[in-house]
Amino acid sequence: MSLRSQLLKGILEGCILSIIAKEDVYGYELSLKLQQFGLEDVSEGSIYPILLRLQKGGLIEGEMRDSPAGPKRKYYRLTKHGKEALREFVREWERIKEPVEYILHRGNEG
């Protein structure tokens, strides 16, 4: 597993929760959004197990809806518990981000 994959594994759930918080999305659409934000190497195949895990954990719920083209799609939205988990992820990310950036960019000064 590459270093990038290892780093992404730890933050991908938070990124997915954040995207779903902004609008209901279906799996393939979520994959496209992640790619648009620069995470081109996140495959559709790695997203669905995360969605399943988030759903089993009660953080998201899915709803089948008609599609303008083809079969119905399962759209995901955050639950109350998912909104709380996203807030916690953002808090923890903010606590980690600043010291890591300092270490990487200014840690050798001194």
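Residues numbered from 1 in each chain as written. Predicted model: local features only at pLDDT ≥ 70, side-chain atom pairs only at ≥ 80, totals over all residues. Heavy atoms only, no water.

Asks: Would you explain the nonpolar core in this entry?
Replies: Where a protein is soluble and globular, its nonpolar side chains tend to be buried together. Ranked by internal contacts, the top residues of the largest apolar core, which has 20 residues, are Ile16, Ile20, Leu30, Leu34, Leu51 and Ile60. Put simply, the parts of the chain that give this core at least two residues each are α1 (3-22), α2 (27-36), α3 (44-56) and β3 (73-78). Ile16 has contacts with Leu30, Leu34, Ile47, Ile50, Leu51 and Leu54, leaving out every residue within four places of it along the chain. (Core = buried A, V, L, I, M, F, W, Y, C linked by side-chain atoms within 4.5 Å. Buried < 20%, exposed > 50% of the residue type's maximum accessible area, 1.4 Å probe, protein only. Helix = DSSP H or I, 4+ residues; strand = E, 2+ residues; numbered from the N terminus. Contact = heavy atoms within 4.5 Å.)

Asks: Sorry, what's going on with the environment of Arg77 here?
Replies: Position of Arg77 among the secondary structure elements: in strand β3. C-alpha of Arg77 to C-alpha of Gly57: the two residues are 20 residues apart in sequence and 13 Å apart in space. Among residues more than four places away in sequence, those in contact with Arg77 are Ile20, Asp24, Leu59, Ile60, Glu61, Glu63 and Arg65. Among the polar contacts made by the side chain of Arg77, one reaches the side chain of Glu63 at a distance of 2.9 Å. (Polar contact = N/O pair within 3.5 Å; in protein donor to acceptor, adjacent residues only side chain to side chain.)

Asks: Please explain a nonpolar patch on the surface as it appears in this structure.
Replies: A surface patch of nonpolar side chains, about 260 Å² in accessible area, is lined by Tyr28, Leu32 and Tyr48. Turning to its location among the elements, Tyr28 is positioned in helix α2. Among the residues examined, Tyr28 registers a relative accessible area of 40% and is labelled partly exposed. (Patch = residues over 30% accessible without salt bridge, like charges linked within 9 Å, V, L, I, M, F, W, Y side chains within 5 Å. Areas by Shrake-Rupley, 256 points an atom, 1.4 Å probe, with all protein chains shown as cover. Salt bridge = Lys/Arg side-chain N within 4 Å of Asp/Glu carboxyl O.)

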